[in-house]
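Residue-level structure breakdown
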Amino acid sequence: MAAIAAGVSSGSRWFAVYTTCRHEKRIAQHLNQREIEHYLPLYRADRKWRDGSKVTLELPLFPSYLFVRIKRSQRVSVLSIPGALAVVGGTGGQPAPLPDTAIDALRTGLKELRIEPHPLLRVGQFARIRSGAFAGMEGVVVRKKNGFRVVLTLEQIMQSVAVELDEDDVEPLTGGGGRSAPWMEIDHRLCAQGV
């Protein structure tokens, strides 16, 4: 989606807006009509329908989010748009501005590179290995620095191994479910702490 450049003055900053699911393009249209500068990063995804036909879709890079360049005082004009739920806040509930360089990098990167969404993985989170010799096994992410390290535990002998993997080979397990024996984390204190 193209951004509207009208009305940009000093004091305007980029903010992320949280939206109703699958309403990002509609909200961008409303922002366009109101001449509020915005940016909705889209990526192309090939899909195959049930009837066998193939189609290329333009989907939001960050589902349920888009970016607006406004003054903090203009927050109400954005939130009055149907489907715009919140301006993402920082500490103290105040809207948290994004650096201009982040938006510029997104714009440049989407033009020059193939970019697509990837699930967020955090240290301490349960994850499943998607490919390779350990495909389907589950463990805990313990490091992200130069690749992901996932700890797999063989419960029967109370021993663990750490496996180095590429980011694309790991997917997060949501809701804490889906862990299966015999490979699983046995330290239940992590679960109790909400990690």
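Preceding block: the structure.
A closer look at the overall build of the protein chain
From N to C terminus, the protein chain includes 4 helices and 11 strands. Taken across its 195 residues, the protein chain has 32% of its residues classed as buried. Considering only contacts within the protein chain whose residues lie at least 6 apart along the sequence, 60% involve residues at least 24 apart. In the structure as shown, the protein chain presents an accessible area of about 12,100 Å², 51% of it carried by carbon and sulfur atoms.

Notes on unusual backbone geometry
Despite not being glycine, E35 shows a phi value in the positive range, around 55 degrees. Its place among the elements puts E35 in the loop between helix 1 (24-33) and strand 2 (38-39). Its identity as a non-glycine residue notwithstanding, S64 has a phi of 75 degrees, on the positive side. With respect to the helices, strands and loops of the structure, S64 is situated in the loop between strand 4 (54-60) and strand 5 (65-70).

Some points on the pattern of salt bridges
Following the criterion strictly, the structure yields 6 salt bridges and no others. Residue E37 pairs with R69 through a salt bridge whose shortest N-O separation is 3.9 Å. Residue E37 is located in the loop between helix 1 and strand 2, and its partner R69 is located in strand 5; the two are separated by 32 residues in the primary sequence. The residues E37 and R69 share a single accessibility class, namely buried.

Description of the pairing of strand 7 (residues 126-129)
As judged from the 3 bridges shared by strand 7 and strand 8 (residues 138-143), these two strands associate in the antiparallel manner. Its bridge partner being in strand 8, A127 is matched across the sheet by G139. By the bridge criterion, 3 bridges tie strand 7 to strand 11 (residues 170-172) in an arrangement that is antiparallel. Paired with I129 across the bridge in strand 11 is V170.

Some details on the environment of R75
Its place among the elements puts R75 in helix 2 (residues 75-79). By relative accessible area, which is 32% here, R75 ends up partly exposed. Note: C-alpha distance between R75 and F15 (60 residues apart in sequence) is 9.4 Å. Once you skip the residues sitting within four places of it in the chain, R75 turns out to touch I70, V87, G93 and P95.

Examining helix 3 (residues 100-112)
An ideal rise of 1.5 Å per residue puts 18 Å on 13 residues; helix 3 measures up with 18 Å between its terminal C-alpha atoms. On its buried face, helix 3 sits against strand 1 (13-19), strand 2, strand 3 (42-48) and strand 5.

What about the environment of W49?
Inspection of the secondary structure assignment puts W49 in the loop between strand 3 and strand 4. Under the relative-accessibility criterion, W49 is labelled partly exposed at 45%. Every residue in contact with W49, bar those within four places of it in the chain, is listed here: V55 and L57.

Structural notes on the side chain of S12
Of note, S12 is situated in the segment before strand 1. Contacts of S12, omitting those with residues within four sequence positions, involve R69, I70 and K71.

Observations regarding helix 1
Among the residues of helix 1, E24, I27, A28 and L31 are the ones counted as buried. Seen from one end, helix 1 has its buried residues packed into an arc of 105 degrees, which puts them on one side. Looking at helix 1, the residues exposed on the side facing more than 90 degrees away from the buried face are R26 and Q33. Against strand 1, strand 2, strand 4, strand 5, helix 2 and strand 6 (84-87) lie the buried residues of helix 1. Looking one or two residues past helix 1, E35 carries a phi angle of roughly 55 degrees, positive in sign.

Reading the values: rules and limits
- Residues numbered from 1 in each chain as written.
- Predicted model: local features only at pLDDT ≥ 70, side-chain atom pairs only at ≥ 80, totals over all residues.
- Heavy atoms only, no water.
- Helix = DSSP H or I, 4+ residues; strand = E, 2+ residues; numbered from the N terminus.
- Buried < 20%, exposed > 50% of the residue type's maximum accessible area, 1.4 Å probe, protein only.
- Contact = heavy atoms within 4.5 Å.
- Areas by Shrake-Rupley, 256 points an atom, 1.4 Å probe, with all protein chains shown as cover.
- Salt bridge = Lys/Arg side-chain N within 4 Å of Asp/Glu carboxyl O.
- Pairing = 2+ DSSP bridges.
- Expected span 1.5 Å × (residues − 1).
- Arc of directions from axis to C-beta.

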